[in-house]
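# Overview (structure and organization)
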Amino acid sequence: MGPSVNRALYVSAGLSFLLAAGAARADTTLTVATVNNGDMVVMQKLSSQFESQHPDIHLRWVVLEENVLRQRVTTDIATHAGQFDVLTIGNYEVPIWARQGWLEPFENLPAAYDVDDLLGPVREGITYKGKLYGLPFYGESAMTYYRTDLFEKAGLKMPDAPTFAQVREFADKITNKDTQTYGICLRGKPGWGENMAFITPLVDAFGGQWFDASWKPTIDTPQWKSAVSWYVDIMKKDGPPGATSNGFNENLALFASGHCGMWMDATVAAGLLFDPKQSQVSKTTGFASFPTGEFKGGPTWLWSWNLGIPSSSKNVDAAKTFITWATSKDYIKLVAKENGWVAVPPGTRKSTYDNPDYQKAAPFSSFVLKAIESANPNGQTAHPRPYQGAQFVGIPEFQGIGTQVGQTIAGTLTGNTTIEQALKSAQSATERTMRQAGYPKAAEKEASK
Amino acid sequence: MKDSAAKRIFITILGWLVALLLAFPIIWMVMTSFKTETDAISTPPLFVWHPTVASYAEVQERANYFSFALNSILISVGGSLLALAFSVPAAYAMAFHPTPRTRSTLLWMLSTKMLPPVGVLVPIYLLFSSLNILDTRGGLIIVYALMNLPIVVWMLFTFFKEVPREILEAGRMDGAGVWNEMRYLLMPLTLPGIASTGLLSLILCWNEAFWSLNLTSSAAAPLTTFIASFSSPEGLFFAKLSAASTIAVAPILIFGWLSQRQLVRGMTFGAVK
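Residues numbered from 1 in each chain as written. Chains lettered and ligands numbered in written order. Predicted model: local features only at pLDDT ≥ 70, side-chain atom pairs only at ≥ 80, totals over all residues. Heavy atoms only, no water.

## With respect to the layout of surface pockets
Within this model, the largest pocket holds a volume of roughly 1,300 Å³. Around the largest pocket sit 42 residues that line it, and Gly38(A), Val42(A), Leu272(A), Asp275(A) and Gln278(A) are the ones nearest its centre. For the lining of the largest pocket, the elements supplying multiple residues, two or more each, are helix H2 (38-53), strand E6 (135-140) and helix H11 (269-273) of chain A together with helix H2 (37-40), helix H3 (54-62) and helix H13 (238-258) of chain B. Element by element, the count of residues in the lining of the largest pocket is highest for H2(A), at six residues. Considering only residue class, the lining of the largest pocket consists of 19 nonpolar, 13 polar and ten charged. When residues of the lining of the largest pocket are sorted by domain, at least three fall in each of domain 1 (8-140 + 303-361) and domain 2 (142-301 + 376-447) of chain A. Computed from the structure, the second largest pocket encloses a volume of approximately 670 Å³. Taken together, 30 residues make up the lining of the second largest pocket; nearest its centre are Glu66(A), Asn67(A), Gly193(A), Glu194(A) and Pro233(B). Looking at the lining of the second largest pocket, the elements with two or more residues in it are helix H3 (66-78), helix H10 (248-256), strand E11 (303-308) and helix H17 (398-414) of chain A. (1 Å grid on protein atoms, 1.4 Å probe; cavity = no way out; pocket = protein on both sides within 12 Å on 5 of 7 lines; lining within 4 Å. Points joined across faces, edges and corners; volume = space filled by probe spheres on them. Helix = DSSP H or I, 4+ residues; strand = E, 2+ residues; numbered from the N terminus. Nonpolar A, V, L, I, M, F, W, Y, C, P; charged D, E, K, R; others polar. Domains from an automatic or database assignment.)

Structure representation (structure tokens):
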């Protein structure tokens, strides 16, 4: 071996060492795009513990308003810009985006993650072709909140599983507009994720649905008319004024400040209403299931906020490490330790609901679990349907359709149009959109499987 | 005499009422920022309450205000200076050396403002992505300069038109070139106009939200993204959002207050001859 060969060997050994050392020290910065919900804020605060456990991974947070986040993230993924490594996305987007090839699948999750501990309906909602394309951070269904003191005063008793007919009777008896006490508060703000999130399960319960088996809209049917009439009548008679401006937050504010007798909305409100710092009625709030109608057992409401990885990310492995940490059992225990059991992200794991400490801290937990387990997003409506989703239709066109129909229905609340006119125009607008989108098409049928 | 006194009182009261009406949203925002979340949503609204700075503390705990504010300052000042650097020569050429197409060029420049920004979002995003300037201050400075260019050119053009050509011609007779003409004659004569144009551009950059929300994520994010991060789809946020908005608009409010004389002077520049 000549001296030059020796030198070359030394140099290459030295280089390899430097490279290896460099690789070991190569730090990764993950950009996490999320919404400003309470549970995400807690995650952001606690993420310093993740960084201390993984000194080679740093986190950069981008907190955006929900619709802005969707727009940002869609633009980024569609243009393959790769600005984000971890996304907060709903169970509406996960299957649609997975089908487009925009998301990385989660495979070979570690045994300690205990994927079977995830609640069935939540897990199914983010599965596409047998693979998980996101991991659930928190989940929710819908339930009924009511004021025990007002019910007692009116001599009423809320059943565990009320019907829409009973709700109507109770609302009439509780309303006292002189004291600004309204029998019922419901979403009226137009939007696919606003008023239509309530109207869709309401229509299902009245025996209606969005589309028939051949993707023909069925909005002009008597079932829709009965459901929308129930909604408009009760809101006009027993609802707060200006209801078309009320979404989740506005109703939360109205209920928390003692202006509503009943409110049907997302289960995530339970924790907020139960918190005396945020609610003036924390001691007088009762819980019951989401009301049922003539058609029972159909889809009701299921929403989950999930963490996913865009296919444009350049740090997939580090992103997976972070997401499995943030959606793990250990993370839930960490939140419980730092902020108490009532603050843990709900609606994702069976183990959370089995925990006696959680049951004690969150007396509404059994209602929430029951609501999620019976949300039935893949279940059937009164007649066979070609789509999936509980309070939404799992097709990309639904955002536009839902918002447009939502605006038409809001018009009936303000008295601008009659229910018949509204449903007729919603039907023809939806027919047009579906025709332009090329329905019925085989691909969509396959996608919703 | 009596009539004019009554008229003056009436006009003063009317002036105060209009001012109060215009300022009311800002006043209400500042009031809300000192309330708790429950007080902030109280109906009827509370005009007397126990003030708290809890929302400010939470806002500061969750986000580093100063890094957002620094980005806002650098991007707004940079964008305005860049726009002025291009607009002064452009407006000079159009005001003093017009061609038959000058007017239509000016109108065309203004017409670009009629296009909704979202219409060019994807091409701009792709361009930024391939130039690797997404989430950089430099990238946003370029966009802001381009965004304000039509307004800045138009404003400067109208200010420059007020300057008598003879003054520039006299300078030329004394041997001044184009640069010296602009530097020693035009710019000192129209300084109030240039300053007020710069100030207006600064305010427009500071308040711009669409491009900053879409083209930045963290490193170059200005105060508009800071405010947006406090809006929540689920949970009460009005007090925190108001606190975030108050500290986001405070610098530009103070700046506007200090420079209001300059702004008004510039706006009315050349109005009375």
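Now that the structure is up, let's keep going.
## Regarding empty space enclosed by the protein
One water molecule sets the probe size; rolling that probe over the atoms shows where empty space is left. If you walk through the whole model with that rule in mind, you get three cavities of 30 Å³ or more. Looking at the largest cavity, its volume works out to about 50 Å³. Together, Glu66(A), Leu69(A), Arg70(A), Val73(A), Thr88(A), Ile89(A), Gly90(A), Glu93(A), Trp97(A) and Trp305(A) line the largest cavity. Sorting elements by how many residues they give to the lining of the largest cavity places H3(A) first, with four residues. Along the lines of polarity and charge, the residues of the lining of the largest cavity split into five nonpolar, two polar and three charged. One number sums up the size of the second largest cavity: a volume of about 40 Å³. Around the second largest cavity, the lining residues are Ser72(B), Ile75(B), Ser76(B), Leu140(B), Tyr144(B), Cys205(B), Trp206(B), Glu208(B), Ser212(B), Pro222(B) and Thr224(B). When residues of the lining of the second largest cavity are traced back to their parent elements, those giving at least two are helix H4 (65-96), helix H7 (137-161) and helix H10 (191-207) of chain B. Broken down by element, the residue count for the lining of the second largest cavity peaks at three residues, all from H4(B). Considered class by class, the residues forming the lining of the second largest cavity number six nonpolar, four polar and one charged.

## Regarding the packing of aromatic side chains
Applying the stated rule across the entire model yields 50 aromatic pairs over all chains. On the numbers, 5.2 Å between centres and 70° between planes, the contact of Trp325(A) with Tyr331(A) is edge-to-face. The same class applies to Trp325(A) and to Tyr331(A), which are both buried. Residues Tyr92(B) and Phe96(B) carry aromatic rings whose centres are separated by 5.6 Å and whose planes lie at 50° to one another, so their mutual orientation is tilted. (Phe/Tyr/Trp six-rings, centres within 6.5 Å; stacked < 30°, edge-to-face > 60°. Buried < 20%, exposed > 50% of the residue type's maximum accessible area, 1.4 Å probe, protein only.)

## Overview of the sheet that holds strand E2 (residues 57-64) of chain A
Residues and elements named next belong to chain A. With mixed pairing, the five strands of this open sheet are ordered in space as E2-E1-E3-E11-E6. With partners counted over all chains shown, the strands left at the sheet margins are E2 and E6, one partner each. On average, each strand axis in the sheet is tilted by 20° relative to the strand beside it, whichever way the strands run. In this structure, strand E1 (residues 28-35) lies alongside strand E3 (residues 86-90), joined through two bridges in parallel fashion. Looking at the pairing, alanine 33 lines up with leucine 87 of E3. (Pairing = 2+ DSSP bridges. Axes fitted to C-alpha atoms, helices over the stretch in contact; angles between N-to-C directions.)

## Section: the state of the cysteines
Residues and elements named next belong to chain A. Here the structure, examined in full by the defined rule, presents one disulfide over all chains. Across the disulfide, cysteine 185 is cross-linked to cysteine 260 (sulfur-sulfur distance 2.0 Å). Judged by the sign of its S-S torsion, about -85°, the cystine formed by cysteine 185 and cysteine 260 is left-handed. One end of the pair, cysteine 185, is in strand E8 (residues 182-185); the other, cysteine 260, is in strand E9 (residues 260-266), with 75 residues separating them in the sequence. Each member of the pair, cysteine 185 together with cysteine 260, is buried. (Disulfide = S-S within 2.5 Å.)

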